[in-house]
Amino acid sequence: MKKAPTSRVDKLLGSMGYGSRSEIARLGKVGGVVLDGADLTDVSKRIPVTPDLPSRLEIDGEPLDPVPGLVILLNKPLGMTCSHKEDGALVYDVLPDRWRRRDPAISTVGRLDKQTTGLLLLTDDGDLLHRIISPKRHVAKVYRATLARPLEGHEATLFASGALVLEGEEKPLAPAVLEPISPTEARLTVTEGRYHQVRRMFAAAGNHVDALHRERMGGLALPEDLPPGQWRLMTPDQIAAVFAEPSAP
Ligand code: URA
C-alpha cells in the first residue's frame, strides 16, 4: 500500500486555511490544537496526512476539516456562477469560508452555466479533476432539458449522428443520446463538455432550452434528498461511480 505523505501540522493547517504559521503556533500554545486527545503544543511536529485525520485532530474544539483530496457533490442552485472571481453569487459561497484559502484550491469539475441546476462536483484534487473532464474518458453527462417548443421528432437522429457541427466550430460533436420525456422535455446524454453544449445543440435543432438540470455524471446520480444549494462530501465508492456507465434513470 502507498505510504501516506507526511506534513508539519502548522504547514498542513496553513494550507487548509486555518491561518498563518504564527497564528497556528499561537493556537498550539494555548491548547487549541489537540491530536489523539492530547494538546499539541509543538505544531512543527510531522504527521501522516491520512483521511482519518479529522477524527484525530481538533482545532479550537472542532474536528479538522476534510484533508486535501476532498470531493464535494453540490446540487447547484439557479443563479450561481462556477467561477472564483466573477461578480455575483458564486458556487464557492455555499462552502465554509475557510475553504476559500485552501491550497491547493477547490475548483469545479467542469462548469455548469449560471442558469443550469443540478449535479456539480468540486475538488482540490487536480489529477481527479482532469481524469473526469478528459475527453478520452467519455464520462457521460445526463441532462434534463425543458424546451420552449415541442420536439419535432428529428432531434434524436441529429444528435446521434456524430455529424452535428455547432455554430462557430469545425469539429462535429460526438454522438449523443436523446430520450423524449414529454413534448417539451427531454433527457440528453453527452460525453463531451463543450461551451454551452446542450443549449447550443437544441439551438442547432431549431429549439431553445428554457431550463437545464444535470441529473447524473457516469454512474453517479444527484441524490434525491439533496436540496438545491446543499452539498456533501463524496466517499471513494461514489467517486469511482463517476467512471462507471450510467444506469437507467
Ligand atoms: N450544456 C449547457 O448548455 N449548459 C450547461 O450548463 C451544461 C451543459
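Cut-off values and rules
- Residues numbered from 1 in each chain as written.
- Predicted model: local features only at pLDDT ≥ 70, side-chain atom pairs only at ≥ 80, totals over all residues.
- Heavy atoms only, no water.
- Helix = DSSP H or I, 4+ residues; strand = E, 2+ residues; numbered from the N terminus.
- Buried < 20%, exposed > 50% of the residue type's maximum accessible area, 1.4 Å probe, protein only.
- Contact = heavy atoms within 4.5 Å.
- Areas by Shrake-Rupley, 256 points an atom, 1.4 Å probe, with all protein chains shown as cover.
- Lys, Arg positive; Asp, Glu negative; His and termini not counted.
- Charge placed at Lys NZ, Arg CZ, Asp CG, Glu CD.
- Near = heavy atom within 4 Å.
- Polar contact = N/O pair within 3.5 Å; in protein donor to acceptor, adjacent residues only side chain to side chain.
- Nonpolar A, V, L, I, M, F, W, Y, C, P; charged D, E, K, R; others polar.
- Domains from an automatic or database assignment.
- Salt bridge = Lys/Arg side-chain N within 4 Å of Asp/Glu carboxyl O.
- Core = buried A, V, L, I, M, F, W, Y, C linked by side-chain atoms within 4.5 Å.

K.L.:
Explain the overall build of the protein chain here, please?
P.N.:
A count of helices and strands for the protein chain gives six helices and 15 strands. When its C-alpha atoms are laid out on the principal axes, the protein chain stretches across 70 × 40 × 35 Å. Evaluated residue by residue, the protein chain yields a buried proportion of 43% over its 249 residues. Looking at the protein chain alone, contacts between residues at least 24 apart form 65% of all its contacts between residues at least 6 apart. Split by element, the accessible area of the protein chain, about 13,300 Å² in all, is 53% carbon and sulfur. Put simply, the protein chain has 32 plus and 33 minus side-chain charges, and the middle of one group is 5 Å from the middle of the other.

K.L.:
Honestly, the site of the ligand in this entry has me stumped. Any pointers?
P.N.:
Near the ligand, the surroundings consist of L112, D113, T116, Y143, H196, Q197, V198, R199 and L212. H196 is positioned such that a nitrogen or oxygen atom in its backbone is 3.1 Å from an oxygen atom of the ligand. A distance of 3.0 Å separates an oxygen atom of the ligand from a polar backbone atom of R199. When the ligand sits alone it has 240 Å² of accessible area, and the protein chains cover 95% of it. Of the residues assigned to the shell around the ligand, the class counts are four nonpolar, three polar and two charged. Among the domains, domain 2 (71-135 + 219-241) and domain 3 (141-217) are the pair contributing at least three residues each to the shell around the ligand.

K.L.:
I keep staring at the side chain of R214 and nothing clicks. Help me out?
P.N.:
With respect to the element layout, R214 can be found in strand β13 (residues 209-217). Although R214 lies buried, it forms no salt bridge, and the closest oppositely charged side chain, D113, sits 9.4 Å away as judged by the N-O distance. Among the polar contacts made by the side chain of R214, one reaches the main-chain carbonyl oxygen of L119 at a distance of 2.8 Å. In this view, R214 contacts V109, L112, T117, G118, L119, L120, K141, V142, Y143 and L222; residues no more than four positions away in its chain are not counted.

K.L.:
What should I look at first to understand the nonpolar core in this one?
P.N.:
In this structure, V91, I106, L122, F159, L188, M201 and F202 are the most contacted members of the largest nonpolar core, which totals 32 residues. For this core, the secondary structure elements donating two or more residues are β7 (71-76), β9 (116-123), β10 (141-147), β12 (185-190), α5 (197-204) and β13. Per-domain counts for this core show at least three residues from each of domain 2 (71-135 + 219-241) and domain 3 (141-217). If sequence neighbours within four positions are ignored, L188 has contacts with K141, V142, Y143, F159, A176, V177, L178, V198, M201 and F202. With 18 residues, the next largest nonpolar core counts L12, Y18, V43 and V67 among its residues.

Read these as geometric descriptors, not functional statements.
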